[in-house]
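Read off the chains here:
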Amino acid sequence: MTLNGWIQIAAFFLVLLVLVKPLGLYMARVYLGHPHPLLTTLGPLERVLYRLCGIHPDCEMEWTTYAFAILLFSGIGMAFVYSLQRLQALLPLNPRHLGSVPPALAFNTAASYVTNTNWQAYSGEATMSHLIQMLALTSQDFLSSAIGVAVLLALARSLAHGSVQTIGNFWVDLVRTVLYVLLPLAFVSSLVLVSQGAVQTLDGWKNEIFLQSMPVAHDDDHARGGPVSEGEQPGEGQTSTQKAIPVGPVATQVIARDLGTSGGGFFNANSAHPFESPTPLSDFLLLLLQTMIAAALTYTYGRIVGDTRQGWMLLAVMLVVLAMFVGIAYRAESVGNAAFAPLGADLSAMDQQPGGHMEGKEVRFGIARTALVAAATTATSTGAANGMHDSLTPIGGMVTLVLMQLGEVILGGVGSGLTGMLVLVILAAFIGGLMIGRTPEYLGKKLEPFDIKMVALAILTMPVVVLLFTALALATDVGRESIFNQGPHGLSEVLYAYTSMANNNGSTFGGLNANTLFYNVTGALAMLVGRLWIVIPTLALAGSLARKRMVHVGEGTLPTHTPLFAFWLMIVTFALGAMTFLPALALGPIVEQLMMSGRP
C-alpha cells in the first residue's frame, strides 16, 4: 500500500461528502414540490408530459395501486426491450449489420435492464446495434433507477405522515426523477466524459493502422506497436496491418449506466476499456456518478421525514462500512499472491510496491483505484468494474461478494439501496425496542407483526434466490459445464453470478459461460424475483406505516439517530449477512485464500 493510493481513496470520500448536502437538498426540493433552479426551465415540459399521458399529479395512490403501476410499467418496458432485440436485424442504426438477438439472450437482457441489473451475458460491441444501445438499453438505465427512487419516496412519505391511505403518485415520482435529476446530470457529465476522450459517434467502425514487430537481426531494434499517424511508414523489423475498431455512442451510455447505478458497458471490458474511461480523471468522474445520488438521497430522506439527523446517521453507517471494505480490498491486492514470492516475480511495478497483485488490473489505474472501484461498484449495485474481478485475490473477491450479499444497502442502487437500509433500520429498531422493554417504534410509528412480516419477506427473498439457484447450477450437469475453473474458485464464480443478478448488480467474476439457455433463463428469473418481489412487500410496509397515527416520542423511546444506534444497525446488517452466506463463502473464497497461503 502506498501514500498515493490512500490519497486517492481519501479524495474520493472527501469529494463525495462535499456533494451530499447540496445535491440532497436539491432533490428534496424536487420531491417535496418546492421551487428549485430547474423548475422554470423544465416545469412546462413536466406539465406537458402529464397532459399527454393523462396523469393527474395531485391524485395520490394507495400502496396496491402504486405497486400495480410499477409492475405494469416494468412489464411494458420488458416487452419493449425484448421486441427491439428480436427485430434488431430489420431496424436502422445498425452499421455493423448485427443479426437479431437469440430469444433466451433477449429475454435475459430485457429482464436485466428493466430490473436495473444490466447483467450482460454478451459482448456489447458484438451483439447490440446503436439503436438498441440508445433506445432500449440506455432509456432503461434511467427508468429502472427512477423506479428505485419512487419506492424510496413512498416509504419515506409513509414515515413522514400519519393516518393517511396514500403513499404518493408513482408517475409523478418517475417523471421528476428522470426530468429534474438524471437527465440534467447526464447532460453535463456526458460533455465532461467526451472532453476526456470517450467515444461518441454513430459510426460503426474506426479503421486504424497498427505496426507489428517482426524478427530482425539487430538486438537493439525495438518495434513499437499501436496505431500510427497518417502517412507513417513501417520501419525495419515492422509490418503494418489495418484493423477495424468498433465504436458507437459510448459516452452517453456510460454516463447513463453509472448515474443510474445500472452498470451495463458498451464494450465487454466495461470501464477498463479506454473508449469508455480514457483517463484517471474520467475514472474518478464515473466513480462519483455511481455513488453521489445514492449518498445524497440520505440527506433527501432526512428532509422528507423532518429530521436530517436520521439521514446523516444512515450515511455514516454506509460510508464507514464502505471504507472498511475498501481498506480490506486494497490490503489484499497490495499483499498479492504468496505463490509468486518464490519466483521473484514483481507484478506491481505500476503501483511501486513489491509483492502487489496487478493481474487483471488496468495499468492506468493501479491497485488502489481498482480496489476502490471494485468495492464501490459492488456496494452501489452499479457493476461497472474497471478491472477483472475474477483476477482479484480471494479476499479481494470476497469483498465484492460480501458487499452485494449484505443486500446492496451500503449506498446501493439509486433509491433501492437506501430503501433496503431503511428495512434493516426498522428491523433493528424492532429488536432494539424489545431489548429495552419498549413497544417497538420508528419515527413515531409503532411496529406491529404485519410490518415485521413484510420486513422479513424483503430481507429473505434475495438470499433464498441466490442460494437456491447456486445450488441448482452446481448440482446439475448443465450448470457445471459452463464453469471454466474447478474447485473453490469455480464455486465462487457461480455464487458471484447469482449474487450479482439477484441483487441487481450486474457485474461478473468472469470464468463462467453465462450465455446458455440454463443461465439465461435462471438468471432472468433471479433478477425479476430479486427486484420485484422485494418491491411489493416494501410497498405493503409503506402502506401499513402510512395508515398508522404518529405517536409521541418520549424520553424512553429508542433514539435512531445516535452513534449507538448506528453501531447496532451495523451489527444487525452483518449478522444477517453472516447467517445467510458465511457457509457458502467458507467453501469459496475463504478456502481459496487458505490454499493460496499454503495452509492445509
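Computed from a predicted structure; not experimentally measured.

Asks: Account for the overall build of the protein chain, with residues named and values stated.
Replies: Per the secondary structure count, the protein chain includes 18 helices and 5 strands. The C-alpha atoms of the protein chain give a radius of gyration of 24 Å, which matches the 25 Å a tight globule of 600 residues would have. Taking the principal axes of its C-alpha atoms as reference, the protein chain extends roughly 90 × 60 × 50 Å. Residues counted as buried form 57% of the 600 residues belonging to the protein chain. Partitioning the contacts of the protein chain with sequence separation of at least 6, the portion at a separation of at least 24 is 79%. Only carbon and sulfur atoms are counted for the fraction: they give 66% of the accessible area of the protein chain, which is about 23,900 Å². Charged side chains of the protein chain number 28 positive and 34 negative; the gap between the two group centres comes to 14 Å.

Asks: An account of the nonpolar core is needed here, citing residue identities and associated values.
Replies: Membership of the largest hydrophobic core comes to 173 residues, with the highest contact counts inside it found for I293, Y301, I410, Y442 and Y498. Leaving out residues up to four positions away in the same chain, Y301 has contacts with A156, L159, Q310, L314, L418, L422, Y442 and L443.

Asks: With reference to specific residues and values, describe the pattern of salt bridges.
Replies: Counted by the stated rule, this structure contains 11 salt bridges. For E46, the salt bridge goes to R176, with nearest N and O atoms at 3.0 Å. With E46 in helix α2 (residues 39-53) and R176 in helix α7 (residues 170-195), the pair connects residues that are 130 residues apart, well separated along the chain. According to the relative accessible area criterion, E46 is buried, its value standing at 6%. The partner of D307 in a salt bridge is R309, and the shortest N-O contact between them spans 3.0 Å. With relative accessibility at 46%, the residue R309 sits in the partly exposed group. If you follow the salt bridges from partner to partner, you end up with R257, D258 and E276 in one network.

Asks: Tell me about a nonpolar patch on the surface, and name the residues and values.
Replies: A cluster of nonpolar side chains, namely L45, V48, L49 and L52, defines an oily patch on the protein surface of about 340 Å² accessible area. Mapped onto the elements, V48 comes out in helix α2. Its relative accessible area of 33% is what places V48 among the partly exposed residues.

Asks: Could you give an account of the environment of F142, with specific residues and numbers?
Replies: Summarising the element assignment, F142 is placed in helix α6 (residues 130-160). Excluding its chain neighbours within four sequence positions, the residues that come into contact with F142 are V178, L182, L183, A186 and A256.

Asks: For the packing of helix α4 (residues 103-114) against α6, give the residues involved together with the corresponding values.
Replies: Between α4 and α6, the least distance of the axes is 8 Å, while the angle of their chain directions is 40°. One way to sum up the angle between α4 and α6 is to call them oblique. Contacts between α4 and α6 involve T109, Y113 and V114 from the former and L137, Q140, D141 and S144 from the latter. Partitioned by chemical class, the residues of the contact of α4 with α6 number 3 nonpolar, 3 polar and 1 charged.

Asks: So what's going on with the packing of helix α3 (residues 63-86) against helix α17 (residues 517-547)? Residues and values would help.
Replies: The contact between α3 and α17 brings their axes to 9 Å, and the two run at 160°. When the interaxial angle is binned, α3 and α17 end up roughly antiparallel. α3 and α17 meet at a crossing whose hand is right-handed. Facing W63, Y66, A67, I70, L71, S74 and M78 of α3, the residues of α17 in contact are L528, L532, V535, I536, L539, A540, G543 and R547.

Asks: Provide a residue-level description of α6, including the pertinent values.
Replies: In this model α6 runs 44 Å from its N-terminal to its C-terminal C-alpha over 31 residues, within 8% of the 45 Å that 1.5 Å per residue would give. At Q140, α6 shows its maximal bend, which comes to roughly 30°. α6 sits mainly inside the fold: 26 of its 31 residues count as buried.

Asks: I'd like a description of the confidence of the model for the protein chain, backed by residues and values.
Replies: Atom-level detail of predicted coordinates should not be read off regions where pLDDT is low. Confidence along the protein chain averages 88 in pLDDT terms, with 90% of residues attaining 70 or more. Low pLDDT, under 50, characterises residues 347-354; the stretch is placed with 25 contacts to residues that sit more than four places away or in other chains.

Asks: How would you summarise the packing of aromatic side chains if you had to cite specific residues and measurements?
Replies: All told, the structure shown has 14 aromatic pairs when counted by the stated rule. Between F267 and F275 the ring centres are 6.0 Å apart and the planes differ by 65°, which places this aromatic pair in the edge-to-face class. Each member of the aromatic cluster is reached from another via a ring pair, and the members are Y66, F73, F170 and W171.

Asks: I'd like a rundown of unusual backbone geometry, residues and numbers included.
Replies: A positive phi angle, close to 55°, is found at L93, a residue other than glycine. Here L93 is to be found in the loop between α3 and α4. Note on L93: relative accessible area 35%, which makes it partly exposed. The residue L443 is not glycine, and still its phi comes out positive at about 55°.

Criteria and thresholds
Counting starts from 1 at the beginning of each chain's written sequence and moves along it residue by residue. Owing to the predicted nature of the model, reporting of local features is limited to residues with pLDDT of at least 70; listing and counting of side-chain atom pairs is limited to 80 or more, with chain, interface and lining totals taken over all residues. Values reported for side chains reflect all heavy atoms of the structure, with hydrogen atoms and water molecules removed beforehand. Labels follow the DSSP assignment, with helices taken as runs of H or I lasting at least four residues and strands as runs of E lasting at least two, numbered in each case from the N terminus. We take the radius of gyration over the C-alpha atoms and set the globule estimate at 2.2 Å times the residue count to the 0.38 power. Exposure categories follow from relative accessible area, calculated using a 1.4 Å probe and restricted to protein chains: below 20% of the type maximum is buried, above 50% is exposed, and the middle band is partly exposed. Here, residues are in contact when the closest pair of their heavy atoms is within 4.5 Å. All accessible areas in this document rest on Shrake-Rupley with a 1.4 Å probe, and a residue is counted as covered only by the protein chains that are shown. His is not counted, nor are the chain ends; Lys and Arg add positive charge and Asp and Glu add negative charge. Each charge is placed at NZ for Lys, CZ for Arg, CG for Asp and CD for Glu. To qualify as a nonpolar core, a set must consist of buried Ala, Val, Leu, Ile, Met, Phe, Trp, Tyr and Cys residues joined through side-chain atoms within 4.5 Å. The rule for a salt bridge is simple: a side-chain nitrogen of Lys or Arg has to be within 4 Å of a carboxyl oxygen of Asp or Glu. For patch detection, residues must exceed 30% relative accessible area and be free of salt bridges, and they are connected within 9 Å for like charges or within 5 Å for nonpolar side chains (Val, Leu, Ile, Met, Phe, Trp, Tyr). Inter-axis angles, ranging from 0 to 180 degrees, are taken between N-to-C directions of lines fitted to C-alpha atoms, where helices are fitted over the stretch in contact. Working rule for angles: under 35 degrees goes down as roughly parallel, over 145 as roughly antiparallel, 65 to 115 as roughly perpendicular, anything else as oblique. Side-chain classes are defined by residue name, with Ala, Val, Leu, Ile, Met, Phe, Trp, Tyr, Cys and Pro counting as nonpolar, Asp, Glu, Lys and Arg as charged, and the others, Gly among them, as polar. What makes a crossing left-handed is the near helix being turned counterclockwise from the far one by less than a right angle; a clockwise turn instead makes it right-handed. Here the expected length of a helix is defined as 1.5 Å per residue gap, with one fewer gap than residues. Two axes are fitted around each residue, one to the seven residues ending there and one to the seven starting there, and the angle between them is reported as the bend at that residue. Confidence per residue, as judged by the predictor, is encoded in pLDDT with a range of 0 to 100. Classification of ring pairs rests on two measures: the distance between centres of Phe, Tyr or Trp rings, Trp counted by its six-membered ring, which must be within 6.5 Å, and the angle between planes, read as stacked under 30 degrees, edge-to-face over 60 and tilted in between.

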